[in-house]
Amino acid sequence: MGFKKLTTTTTPFPVSYNPTSNVGELSYSVGQEELKSGQAKSALCFQDEAVDKSIFKDCNKIGFYRRQKLLPRKNTYRALLDSVTSGKDSTKFQIINEVNKVPLLAEVYGIEGNIFRLKINEMAPLNPRYEISDVLIQKPATKRLTPCPGDTGTLVLKDDSGNLKFHISANPFKIDLSSEEEPVLSINSTGRLYFEHLQMPPKHRISKEEDVMTDPSQESQDDLGLWQEKFGKFVDIKANGPSAIGLDFSLHGFEHLYGIPQHAETHQLKNTSAGEAYRLYNLDVYGYKIHDKMGIYGCVPYLLAHKQGRTVGIFWLNASETLVEINTQPTVEHMLSQEGSVLAKQKVKAQTDVCWMSESGIIDVFLLMGPTPAAVFKQYSVLTGTQALPPLFSLGYHQCRWNYDDEQDVKAVDAGFDAHDIPYDVIWLDIEHTEGKRYFTWDKKKFPDPKRMQELIRSKKRKVVVITDPHIKVDPMYSLYSQAKDKGYFVKNNKGGDFEGVCWPGASSYLDFTNPKVREWYSGLFAFSEYQGSTDILFIWNDMNEPSVFRGPELTMEKNAIHYGNWEHRDLHNMYGFYQQMAAAEGLIQRSNGEERPFVLTRSFFAGSQKYGAVWTGDNKAEWGYLKISIPMLLTLSVAGIAFCGADVGGFIGDPEPELLVRWYQAGAYQPFFRGHATMDTKRREPWLFGEENTQLIRNAIKERYALLPYWYSLFYHAHVASEPVMRPLWVEFPKELETFDVEDEYMLGSALLIHPVTEPKATMVDVLLPGSEEVWYDFRTFVHWEGARTLKFPVALDSTPVFQRGGSVIPMKTAVGRSTGWMPRLPYELRVALDSQGSARGELYLDDGHSFQYLHQKQFLHRKFLFSAGVLSSSGADENGHYHSECVVEKVVILGINKQPSSVTASCPDMADTQVAFTYGSKTSVLHLEKLSLNVGVDWEIHIK
């Protein structure tokens, strides 16, 4: 849910503007009746749903970007190798700018697990520069880097293995990182190191265009945005002056890059040399444009580069506005003319140059050296944490709308799912459930007894999610506002008063979540004694936390607003939503005395947000293009550490045609976070409102999701303990196969399922790449199989989505589904065994209570492994530390790829005699069905097929 375009004539709130007040600071009086209805929110709506890009900056309107682009491409920095000092944690040396002679301090760290860290800061800054805290889960474990002989003017550092080396060249300053003597990446090889030193403000700020800098060939100071920067009616006053940084990285042999979410763009990052850079700046962009590099709701300043034989990562730890330029020079072959007219063919290696530019802070970058995709994922999680293990209910289907009207509407929607035999787990309430947009309250007319409503939902074994945004209505009678104001817990303006902006309640102040005391206080608001009407089945949705400020520059907070520690908003903008989600998750944990796992969905995010919950892609549209772009957007989030991600099913904005809605449910059922959502000015679209045929198709898609929940939960366990993405681009599973590197219309769910959603209207055929020359792929529904390394012309109808199981895998499923996940723990399991070309398969099942931390504190879990080899299917413990009692049984096994009918099948367990197993065999499909097994899921057993 986001801000919609304002017309130039619409005034959604009565406004009085004081022209002598701080820039952008408005004083508002808001009619209570308007706020209590949905009219305040809908009054902001503009009929044209296309995003107005004039509200947002292009790169050429960003001062620090223009300043860096004006630099001559000549390296002006020199490393002072006689200043080198080595300690057990780091090697330090100075870098000096040959123009201004101001020294910088560089620190190089070796970190356990093939990671390097480079920090560059001023030797003696006028004021401290912002350094990020709270993202890294702990101080990285360093290892000593040993100096070794090098050429004159070069310092060489090697890790303990001797395979990875840092070559530091003095003049010009450059770093080359090699692995086994092969160059992997270079730093500052194109001379883009940039560091603006903090300065005393000039006595009289220069703002006239005729007043220029010392170098008259450059733009005026006003145009360069040194001490102030204008955008529309807003003026950003910079108390510390210019403070931007930048650094380039050359990736040798790489031409495929991924990451740096969030953009509505392709999974593979594009060359930016002819257009806009990728912008990382969290913004509320309602109905964002697809195939665009502008920043939207969240960001992770982390990219991965991949080639055959190696994967590396670059993690740029900076929370200020950041731009990333990418220039790829692909592998080419050309002819060289030599003496005697002899022509020789020479192959030129690919290279990709990446330049990171940030408005403030320091240079703090981690180089993740892989060498495999799995190793890079692990290295990143060692720094920022793994995906939180979600409660099982959150992997079911979620039903949301801005807004369900009242308690009766909630009851009717809940009953509709039961009446139409459609499973779902969570019903959501948007801002209209509150009293005048005052969070942690209930509208007493619409929801007179919220606990009674929740008890009804509980009786169905379902949950409720409600919204809590970061803006707080300016109202002295609102206890949350008065408490926060008295404690000084709001973000300040640059004059020292509370920052005020406009959001859904009208005049609003914004909690300063960067302050640990504010987070502690906010977490306490979720206690049952504080949050009246809440129960333990109520969970949280953080929206509008970029933060969204309707009348602010680019619809967000002024950069010179002041946070805890006297830091400007410009220094930490991209982390604001990260901190709110952190506080909300901690609040839900405290609410249960540390016993229950939280669920918190956030729209704005940063590196490390995966530790606190789920993310979605924001205010998309009910159009085919948005369904299609959701796949690369989610793949990009997944490889950037955020495994629990999804897109609003059906599109938030607009009314989807039935075919699009059906296709979106089919796609969403195979994406990690599965929620249907729509804005208030759309037609109602509960799954049963589009005719019985479409209802059946949607029902089937949702039931497929629920049947696969054991597999989903096992994947999330691996994401939690081993940082493996749940939703994976093909190149992750097939890192040596070049044809997979730019595929984004299909993906792997774990390592066992290949999903190819249908994203075109009236499609009757799709091209499916089945990778791997040694792989076997089985249609998940018909069991027909194909060998890999082919593109398959696959026929589709509206009732089918291409899903393939990979040979060599075992997938645990449920034999039936319930009305919600709460009805399913005792339902029996089916194992889907797909044999590879060698006649073997393996898989896993992870199981715990689905809601508590007992899996962690008391080792209350089961982790089982399944192996099929030489005609024997076995179940054994994958982690003997776990102990969790389950009465659930494996009732059914389906084995795909059995080439001949067996003569007998027997099952054996340690506590029972061998028993004959009833089976059926399909000779045309080569499928063996084993029924009525009743094998306990928590004990060892074997099935022998002869």
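Since the structure is predicted, the reported quantities are computational estimates derived from the model, not experimental observations.

Some points on the overall build of the protein
Point 1. Tallying secondary structure elements over the protein gives 17 helices and 58 strands in all.
Point 2. Taken against the 2.2 N^0.38 rule, which gives 30 Å for 946 residues, the C-alpha radius of gyration of the protein at 29 Å falls within 12% of a compact globule.
Point 3. Along the three orthogonal principal directions, the C-alpha set of the protein runs to about 90 × 85 × 50 Å.
Point 4. Split into buried and exposed, the 946 residues of the protein put 61% on the buried side.
Point 5. Residue pairs in contact within the protein that sit at least 24 positions apart in sequence constitute 72% of those at least 6 positions apart.
Point 6. Here the protein carries 100 positive and 117 negative side-chain charges, and the mean point of each set is 1 Å from the other.

Considering the side chain of Arg-67
Point 1. Following the sequence through the fold, Arg-67 ends up in helix H3 (residues 63-69).
Point 2. If sequence neighbours within four positions are ignored, Arg-67 has contacts with Tyr-194, Glu-196, Leu-224, Gly-225, Leu-226, Lys-238, Pro-242 and Ala-244.

Concerning the pairing of strand S14 (residues 228-231)
Point 1. Across four bridges, the pairing between S14 and strand S15 (residues 234-237) is antiparallel. Following the sheet pairing, Gln-228 is matched in S15 by Ile-237.
Point 2. Counted along the chain from S14 to the antiparallel partner S15, the turn is two residues long, and its residue Gly-232 has a positive phi close to 60 degrees.

A short note on the sheet that holds strand S38 (residues 674-676)
Point 1. Here eight strands make up an open sheet; going across it, the order is S37-S36-S35-S32-S28-S27-S26-S38 and the pairing parallel. Bordering the open sheet on either side are strand S37 (645-646) and S38, each of which pairs with just one other strand.
Point 2. Pairing between strand S28 (residues 463-467) and strand S32 (residues 538-542): four bridges, direction parallel. Directly across from Ile-467, in S32, lies its bridge partner Trp-541.

Here we look at the nonpolar core
Point 1. In terms of nonpolar packing, the biggest core is built from 221 residues, with Trp-356, Leu-367, Leu-511, Tyr-522, Phe-599 and Phe-606 touching the most fellow members.
Point 2. Core analysis: the next-biggest nonpolar cluster, separate from the first, contains 37 residues, Phe-783, Ala-834, Phe-866 and Phe-868 among them.

Details of the state of the cysteines
Point 1. All chains considered together, the criterion is met by zero disulfides.
Point 2. No disulfide involves Cys-355; its sulfur sits 12 Å from that of Cys-59, the nearest cysteine.
Point 3. Residue Cys-355 is classed as buried on the basis of its relative accessible area of 4%.

Considering the packing of helix H13 (residues 658-668) against helix H14 (residues 692-707)
Point 1. Put simply, H13 and H14 touch, their axes get as near as 8 Å, and they point 10 degrees apart. Here H14 runs roughly parallel to H13, going by the angle between their axes. Contacts between H13 and H14 involve Pro-658, Leu-661, Val-662, Tyr-665, Gln-666 and Gly-668 from the former and Asn-694, Leu-697, Ile-698, Ala-701, Ile-702 and Arg-705 from the latter.
Point 2. Of the residues contributing to the contact of H13 with H14, the split by class is eight nonpolar, three polar and one charged.

A word on the side chain of Arg-597
Point 1. Mapping Arg-597 onto the fold places it in the loop between helix H11 (576-591) and strand S35 (600-602).
Point 2. In this structure the side chain of Arg-597 is engaged in a polar contact, spanning 2.8 Å, whose partner is the side chain of Tyr-713.
Point 3. Within the local environment of Arg-597, its side chain forms a polar contact with the side chain of Asp-848, the two groups lying 3.2 Å apart.

Concerning unusual backbone geometry
Point 1. Each neighbour pair has its own omega, and for Pro-261 with Gln-262 the value is 20 degrees, a cis peptide bond.
Point 2. Checked against the element boundaries, Gln-262 lands in the loop between strand S17 (256-259) and strand S18 (278-280).
Point 3. Here the bond from Gly-370 into Pro-371 is cis, since omega is 15 degrees, no more than 30 degrees from zero.
Point 4. Structurally, Pro-371 is set in the loop between strand S25 (363-368) and helix H5 (373-384).

As for the sheet that holds strand S39 (residues 727-728)
Point 1. The strand order S39-S40-S41-S46-S43-S44 describes an open sheet built from six strands, whose pairing is antiparallel. With partners counted over all chains shown, the strands left at the sheet margins are S39 and strand S44 (785-787), one partner each.
Point 2. When strand S43 (residues 776-779) meets S44, the two strands line up antiparallel, connected through three bridges. Along S44, the bridge assignment pairs Val-776 with Glu-787.

With respect to the confidence of the model for the protein
Point 1. Counting all residues, the mean pLDDT for the protein is 91, and 91% of those residues have values of 70 or more.
Point 2. When the elements of the protein are averaged for pLDDT, strand S1 (residues 15-16) gives the smallest value, 28, and strand S41 (residues 753-755) the largest, 99.
Point 3. This stretch, residues 5-48, has a pLDDT under 50; its non-local contacts, to residues over four places away or in other chains, come to 88 contacts.
Point 4. Scored below 50 in pLDDT, residues 204-219 shows 21 contacts in the model against residues more than four places distant or in partner chains.

Focus: the packing of aromatic side chains
Point 1. Within the structure shown, the criterion is met by 54 aromatic pairs.
Point 2. Measuring from centroid to centroid gives 4.6 Å for Trp-504 and Phe-550, while their planes differ by 75 degrees, and the two rings are edge-to-face. Taken together, the residues span a long stretch of sequence, with Trp-504 in the loop between strand S30 (500-503) and strand S31 (506-510) and Phe-550 in the loop between S32 and strand S33 (562-563) at a distance of 46 residues. Exposure class is identical for Trp-504 and Phe-550. Each is buried.
Point 3. Of the aromatic side chains, those joined through ring pairs into one cluster are Phe-393, Trp-428, Phe-539, Trp-541, Phe-599, Trp-616, Phe-644, Phe-673 and Phe-716.
Point 4. The lysine or arginine in question, Arg-675, covers the ring of Trp-541, its NZ or CZ lying 4.9 Å from the ring centre.
Point 5. Positioned above the aromatic ring of Tyr-829, the side-chain terminus of Lys-814 is 4.0 Å from the ring centre.

Considerations on the pattern of salt bridges
Point 1. Tallied over the entire structure, the rule returns 61 salt bridges.
Point 2. One salt bridge connects Asp-421 with Lys-703, and the closest N-O pair in it is separated by 2.7 Å. Highlighted residues: Asp-421 in the loop between helix H6 (407-419) and strand S27 (426-429) and Lys-703 in helix H14, separated in sequence by 282 residues.
Point 3. Relative accessible area serves as the criterion here: at 44%, Asp-421 is assigned to the partly exposed category.
Point 4. Residue classification places Lys-703 among the partly exposed positions, given a relative accessible area of 23%.
Point 5. When the shortest N-O distance is used, the salt bridge between Asp-619 and Arg-603 registers 3.5 Å. Remark: Arg-603 occurs in the loop between S35 and strand S36 (614-616) and Asp-619 occurs in the loop between S36 and helix H12 (624-639); sequence separation between them is 16 residues. The exposure classification of Asp-619 matches that of Arg-603, with both residues buried.
Point 6. Linked by salt bridges that have partners in common, Asp-236, Arg-279, Glu-321, Glu-359, Glu-554, Lys-559, Glu-568 and Arg-570 make up one network.

So, the pairing of strand S24 (residues 351-358)
Point 1. Across the eight residues that make up S24, a large majority, seven, are buried.
Point 2. Alignment of strand S21 (residues 322-329) against S24, held across eight bridges, turns out to be antiparallel. Bridging across to S24, Glu-325 finds its partner in Cys-355.

About the criteria used
- Residues numbered from 1 in each chain as written.
- Predicted model: local features only at pLDDT ≥ 70, side-chain atom pairs only at ≥ 80, totals over all residues.
- Heavy atoms only, no water.
- Helix = DSSP H or I, 4+ residues; strand = E, 2+ residues; numbered from the N terminus.
- Rg over C-alpha atoms; globule rule 2.2 N^0.38 Å.
- Buried < 20%, exposed > 50% of the residue type's maximum accessible area, 1.4 Å probe, protein only.
- Contact = heavy atoms within 4.5 Å.
- Lys, Arg positive; Asp, Glu negative; His and termini not counted.
- Charge placed at Lys NZ, Arg CZ, Asp CG, Glu CD.
- Pairing = 2+ DSSP bridges.
- Core = buried A, V, L, I, M, F, W, Y, C linked by side-chain atoms within 4.5 Å.
- Disulfide = S-S within 2.5 Å.
- Axes fitted to C-alpha atoms, helices over the stretch in contact; angles between N-to-C directions.
- Parallel < 35°, antiparallel > 145°, perpendicular 65-115°, else oblique.
- Nonpolar A, V, L, I, M, F, W, Y, C, P; charged D, E, K, R; others polar.
- Polar contact = N/O pair within 3.5 Å; in protein donor to acceptor, adjacent residues only side chain to side chain.
- pLDDT = per-residue confidence, 0-100.
- Phe/Tyr/Trp six-rings, centres within 6.5 Å; stacked < 30°, edge-to-face > 60°.
- Lys NZ or Arg CZ within 6 Å of the ring centre and 35° of its normal.
- Salt bridge = Lys/Arg side-chain N within 4 Å of Asp/Glu carboxyl O.

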